[in-house]
Structures are given as C-alpha cells and as structure tokens.
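Architecture at a glance
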Amino acid sequence: MTPEDILSHPPRVLTQKQRESYFETGYLLVEKFLEDAWLERLRASVDKLVERSRTVTQSDSVFDLEPGHTADDPRLRRVSSPNDEDVTFWNYVVESRLGDLLADLLGPDVKFHQSKLNFKWAKGGTEVKWHQDAPFFPHTNPAVLTVGTYLYDCGMDQGPLGVVPGSHETEIFDHYDSEGNWTGHIGEEDLKRVATNKAEYLCGPAGSLTLHNYRTVHGSEPNRSDAGRPLLLNVLSAADAMPYTYNPLKTKYYQQCVRGKPAKWAHHDGRPHLIPPDWSGGYTSIFALQQKEKNDAA
Ligand SMILES: O=C(O)CCC(=O)C(=O)O
Ligand SMILES: [Fe+2]
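Read on for an overview of the structure.

Calculation notes
Residues numbered from 1 in each chain as written. Chains lettered and ligands numbered in written order. Predicted model: local features only at pLDDT ≥ 70, side-chain atom pairs only at ≥ 80, totals over all residues. Heavy atoms only, no water. Donors = N, O, S within 2.8 Å, 3.2 Å for Na, K, Ca; no water. Buried < 20%, exposed > 50% of the residue type's maximum accessible area, 1.4 Å probe, protein only. Pairing = 2+ DSSP bridges. Helix = DSSP H or I, 4+ residues; strand = E, 2+ residues; numbered from the N terminus. Axes fitted to C-alpha atoms, helices over the stretch in contact; angles between N-to-C directions. Phe/Tyr/Trp six-rings, centres within 6.5 Å; stacked < 30°, edge-to-face > 60°.

Observations concerning the coordination of the iron ion (ligand 2)
Those donors, His131 (NE2), Asp133 (OD) and His218 (NE2), are the protein atoms that reach the iron ion (ligand 2), and they lie 2.1 to 2.2 Å from it. The sequence motif formed by the donor residues of the iron ion (ligand 2) is H-x1-D-x84-H. Both residues of the pair, histidine 131 and aspartate 133, belong to the buried class.

Written out as structure tokens, the structure is:
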C-alpha cells in the first residue's frame, strides 16, 4: 500500500490530520489512547512475566536480562514475543481499538510481524542507539510500523522513545561496522547526515501510543529515574508488504491478519535495502548486541 492508497480509505479512529502527519514525519504520538480496563489487564500480564523471570538466571529466547538481574531484584531488558507467553497481549492487538488505528496507518488489511516488551528498568535501563527497524526485517514495501504502548507514565528522564522527523524519507543506513560486523545501529560518520538535534522525544501518560515507520531513525536514552518504563512494542505491516529475511523473534502469530484479509499480490517499492545477517542459526537481542555482549542462547 502507498500512503495515497491508505489515505483514500476513510479513517476509523485517527483524524485525517493525524494520518497525514504520520506519513509526513514518519511518526505519531497518540496520548492516552488506551481504556483503563486494557491498561489494567496488560499491567497484570506484565507483572506475571516479571514474577516468572525471578527463577531465570541467564538470558534465553524469552527473557533478556540486564547484568545484575536476581530473584530478589529482577532487572529485565526485554521479553521477546510476549503474545506467545500470555494471550492478553495478542487479544490487545486484535480486540481493542488498536487494530482499527493500525488500519488507519497501514490500510484495511493489517498483519502481525513480531512483538517485544522493552522494560528499561529504573536507574540504568539500557540506552538504545540510533537505528532504523527496516534493516532488521526488510519488507517489499515500507508500509511497516512499530507501535509502542506505554504501560505507565513516561517522562523525559525515563528514556522515552526519540524519533527523527522526516528521516523515513531519507536513506536506509548501514547497520554494519567497517569490518562487516552487524552492530544494529547507525555508525558515527553516517549519523552526521541525520538531524538527531531535531529529534522529538515521545513522552506521555500511561496508555499513550508511539508509532514509527520502520524506516524512521529512532533510539532512546538510559532510564535515569526511579520508575521503570515498560514499553510494549508490536510490529505490523500492510498485508501486501512481505518480509523476505529470517524472523528471529519467533511467534505463532507470524503474518496473521489482525484486520482484513491476506494479500493476493505483493506490493514492491523500488528502493534498495540492507540485508541483515542470517539469524537462522541464533540471534542476539538489540540490547546485548549494541552493548556488545555475547548471548548465544538467544
Ligand atoms: O525500547 C526502546 O526505547 C526502543 C527499542 C527499539 O527501537 C527496538 O527494539 O527496535
Ligand atoms: Fe527500533
């Protein structure tokens, strides 16, 4: 789907202005979108996952632990594919108004790619360096986005998601270093071409949504506050945007439609794409990778 195709369908949840702003800037903040009932259900499910993590001593394919994680003082970086661990996370995407909002930005046929729950624990929670999501999971066209749901209030000192307006319309940046190692972030030289000084930091009360196109340059700082910043991230695409590299975040809902129907024809845009490493033999999370840790289990 092109932005014009998508915008030709009447809006369901967003205003036409919000949709146009997303396509122009590559991101959108929707404050306090979630009803309290959903917020409570999601928080309860997150609490259960944190409880489960107490018995985990080493990062694995579900739990990505910060150094220093213990049973008494859990410090989680990420839960991979939370939808597969607790159906509440999946129901949220399919049953809440979120699915309709996604159709406003991706077209009537919307499918699921992957999900993760990034915690950014209090006092330290890891930074995420400037990167694009597109090099992690290239698709045949750019109708692909990540929606973040803030489960608690997120202010400036909690490491909110930062986005560079307009960067989705520039280039796909190299996420390998000069020796050909995948770093998962944009190198220093290339960053000079990115207007990070114009970055917008998306803060908001609990239940707010961040949406960014998968070509948009984004990142976040460490969490310097006393309060955690659990951010539920779901990646979705238009049904006609087809991924063509290995998806390391395995999920039983892979490519399942959350609105509309599967595509008969794939849509291709002609721009070049960076190919990620072949992760079929093992994956290192963006955090472990950017912090240069070894994590063979993930
Ligand atoms: O948790 C964050 O602040 C951003 C994470 C992110 O961009 C990613 O996991 O791709
Ligand atoms: Fe990202």
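Digging into the sheet that holds strand β10 (residues 218–220)
Across the sheet, which stays open at both edges, the four strands sit in the order β5-β10-β7-β8 with antiparallel pairing between neighbours. In the strand order of this sheet, the two ends are held by β5 (128–131) and β8 (200–202), each with one partner. Adjacent strand axes in the sheet meet at a mean angle of 25° when their direction is disregarded.

A word on the packing of aromatic side chains
With the rule as written, the count across this model stands at 10 aromatic pairs. Judged by centre distance (6.2 Å) and plane angle (25°), the ring pair of phenylalanine 137 and tyrosine 214 falls under stacked. With phenylalanine 137 in the loop between β5 and β6 (144–150) and tyrosine 214 in the loop between β9 (209–213) and β10, this pair connects stretches of sequence that are 77 residues apart. Under the relative-accessibility criterion, phenylalanine 137 is labelled buried at 6%. Ring centres 5.0 Å apart and planes at 75° place the aromatic pair tyrosine 176 and tryptophan 182 in the edge-to-face group. Take tyrosine 176: its relative accessible area is 22%, and that puts it in the partly exposed class.

These figures come from the coordinates and say nothing about function on their own.
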